[in-house]
Structure formats: structure tokens, C-alpha cells
Amino acid sequence: MMRIGLFLLTNIAVLIVASITLNLLGVEHYISSSGLNLTSLLIFCAVFGFIGSFISLFLSKKMAKMSTGTEIITHARNADEQWLLDTVAELSEKAGIKMPEVGIFPAQQANAFATGWNKNDALVAVSLGLLQQFQREEVKAVMAHEIGHVANGDMVTMTLVQGVINTFVMFFARIAGYAVDSFLKNSNDNSPAGTGIGYYITVFIFEMIFAVLASFIVAWFSRYREYRADEAGARLSSNHAMIGALQRLKAEYDMPDQMPGQLTAFGISSHMKSGLMALMASHPPLDQRIAALQSMK
């Protein structure tokens, strides 16, 4: 119930903030009797596209903690937790960022994630399964990978990419809807184009189509930044340990994915996909990531 409530509050916040922003910008309705105002439409789509992404970014730590059951380590209760805190502190200093919050989430699948609205106010968390099953140098490499995401500003960059994608999905879907509605109107209909049922149905259909096509772009960028985070993990820990951690993760390809969908792109790995679905994957195949690290000088 709490997740549903947070989802509803997020969407209400998007509507309120977007409405206030549009009023402050003096943006009028983008459809009038004189036709489609492309400038107003683009501003309208950008406001809704980016505000939704940024509100999700600002709430990312809270949502990550709730969805994974992550427990933040404020005071180490045992040697493993103290080692984890000391390791993240060391890696953060090397990366030149403020130490993030450190947490453990109760999943037996080996995984970890990083999130937060900026690199000096982030969260890195590791699954209990990874902490218990991996050797310490491999855990360190995984945490170095996540610190690499934070230091590279990947959360903000992904938000900007998603904001641009949202904007143009909405923009071109509404242009398509306006064109179809104009075509369907008969000579006896004096209402302006973009107000009929054809407009709303077409916008909905084209938003679905464009969103699927745009997801290929988002997935490509997500895979690209995994290589960069692997490289950062190798620099901050060691190339040998980073390769060892990725090789150990290969053994869990067949395990059920216990990472919530909204955090999949920020985990250390995701399930291998083939064919067309590989283009939708948030992570490259582990073999390719290992080969990239092996080719590092």
C-alpha cells in the first residue's frame, strides 16, 4: 500500500509542479482554432517529460530503500558491516566524492545498486547474498563499480536522457494525433482539429509505439555506462578483482531476478537476453564486459 501511495503522490506532484511551471512560463494551450502551436507544444512536452524524470530522481533513494528493504548501516554491528563501511569510505575518497549512504538489502541473489540525486548525496547497497558468497576483493570490486556509477554522475545523466526521450515521445505523438484527427474530420464538423476522439486515441497509440522505439536508445546508453562503471571499478579496486566478480556473477544467470524493475538498470548485472530483446537489455552480456576489462591496458 505504501508503494501505491508513493506512486500516486509522485504523479500528483508531477501534475502540480508541471501546471505551476507552465503558468509561470505563460504557455497557452498548444491547440487552438488557428491550428497547432509547435512552440507551445514542445514546451508543454518538455515540462512534463523532465519534471516526471527529476521528481523520480529526487525520490530515488527513498523508493530504492522501500522497494528493496535496504537497511542503512549507521553503526556497524559486526565485522562485515565495519569492513563494508571502511571499504566504501576508501573507494569514495579515491573517486573524489562524498561518502554515500551504505546499505544491505535482504536478497540471496548476488547484486548491488547505486542511486541518488547527485554524486555527493548517493546511496550504494549490496545484497546479503553477494556479501556472504563473494570473496572480499570481489565485493570491493562490485562496490567500486557502484561508486563508479556515482562518480560518473550516471543517475543524473540517465534522468536527462529519459527527460529528452519523454519530451519527444509526447511531442511527436501529439503531432501524429493532430494530423490523423485533421484527416478524419468531415466538412460538416466545425470543431478544431485535435479535439476529437481520433486525436486522443492516436496520441495514446503513438505514445506506446514511440516509447518502445525510444527504449532502445535508453537501453543502449545504459549498456554503455556499464562499461564505464566496470572500468571505474577496475581502477578503484583492481582489474583482476573486477573480472573475478563478473565471472562469479555468471553463475547466477538462471536465478530469479530479485531486483525491482525500476532499479534493474542500476544493479551490477541483469539477466541475459537474446535476439531482439538483447537490444532492450540494460546491461551488456557479462562475457562482453569481461572481454572489455581484459583488453584494458
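The shown structure was predicted, so the numbers you read here are calculated from the model rather than taken from an experiment. (Residues numbered from 1 in each chain as written. Predicted model: local features only at pLDDT ≥ 70, side-chain atom pairs only at ≥ 80, totals over all residues. Heavy atoms only, no water.)

1. Digging into the packing of aromatic side chains
Note on aromatic pairs: each is described by the distance of the centres and the angle between the planes. Put simply, the test is: For Phe, Tyr and Trp, where Trp contributes only its six-membered ring, two rings pair if their centres lie within 6.5 Å, and the inter-plane angle classes them as stacked under 30 degrees, edge-to-face over 60, or tilted in between. Numbering of helices and strands runs from the N terminus; a helix is a DSSP stretch of H or I covering at least four residues, while a strand is a stretch of E covering at least two. For every residue, the accessible area (1.4 Å probe, protein chains only) is compared with the maximum for its type, and the residue is labelled buried under 20%, exposed over 50%, or partly exposed between those bounds.
Going through the model one piece at a time under the given rule, you end up with 12 aromatic pairs. Between Tyr-199 and Tyr-200 the ring centres are 5.1 Å apart and the planes differ by 80 degrees, which places this aromatic pair in the edge-to-face class. With 5.4 Å between their ring centres and 50 degrees between their planes, Phe-206 and Phe-210 make a pair best called tilted. One end of the pair is Phe-206 and the other is Phe-210, both in helix α8 (residues 197-236) and four residues apart, which spans about a single turn. Accessibility expressed as a relative area gives 23% for Phe-210, which makes it partly exposed. Through a chain of ring-to-ring contacts, three or more aromatic side chains come together here, namely Phe-50, Phe-54, Phe-58 and Trp-117.

2. Side note on the sheet that holds strand β5 (residues 112-116)
What holds strands together in a sheet is hydrogen bonding between their backbones, with the strands either parallel or antiparallel. Threshold: Two strands pair if DSSP finds at least two bridges between them.
The four strands are arranged β3-β4-β6-β5 in an open sheet whose pairing can be described as mixed. Edge strands, defined here as strands with exactly one partner in the open sheet, are β3 (71-72) and β5. In this structure, β5 lies alongside strand β6 (residues 122-127), joined through five bridges in antiparallel fashion. Note on β6: the bridge partner recorded for Ala-114 is Val-124.

3. Concerning the layout of surface pockets
The following threshold applies: Cavities and pockets are defined on a 1 Å grid built over the protein atoms alone: a cavity is a set of grid points where a 1.4 Å probe fits but cannot escape, while a pocket is an open set with protein on both sides within 12 Å along at least five of seven lines, and lining residues are those with an atom within 4 Å of any such point. Grid points are joined across faces, edges and corners, and a volume is the space filled by probe spheres set on the points. Residues are grouped as follows: Ala, Val, Leu, Ile, Met, Phe, Trp, Tyr, Cys and Pro are nonpolar; Asp, Glu, Lys and Arg are charged; every other residue, Gly included, is polar.
Of the voids in this model, the second largest pocket is the one considered here, and its volume is about 160 Å³. Along its surface, the second largest pocket is lined by 13 residues, and Ile-73, Arg-77, Asn-78, Glu-81 and Ile-104 are the ones closest to its centre. If you list the elements that add at least two residues to the lining of the second largest pocket, you get β3, α4 (79-95) and α5 (128-133). Ranked by the residues each element gives to the lining of the second largest pocket, the list is headed by α5, at three residues. Counted by class, the lining of the second largest pocket contains five nonpolar, four polar and four charged residues.

4. Some thoughts on the pairing of β5
A large share of β5 lies buried, amounting to five of its five residues. Here β5 shows no split at all, with Ala-112, Ala-114 and Gly-116 on one side and Phe-113 and Thr-115 on the other all buried.

5. Some details on the pattern of salt bridges
Keep this limit in mind: Salt-bridge detection follows one rule: a side-chain nitrogen of Lys or Arg within 4 Å of a carboxyl oxygen of Asp or Glu.
Scanning all chains against the criterion turns up 16 salt bridges. With a shortest N-O distance of 2.7 Å, Glu-81 and Arg-77 are connected by a salt bridge. Take Arg-77: its relative accessible area is 58%, and that puts it in the exposed class. Bridged by salt links that share partners, the residues Lys-61, Lys-65, Glu-101 and Asp-121 form one connected network.

That is the geometry; function is a separate question.
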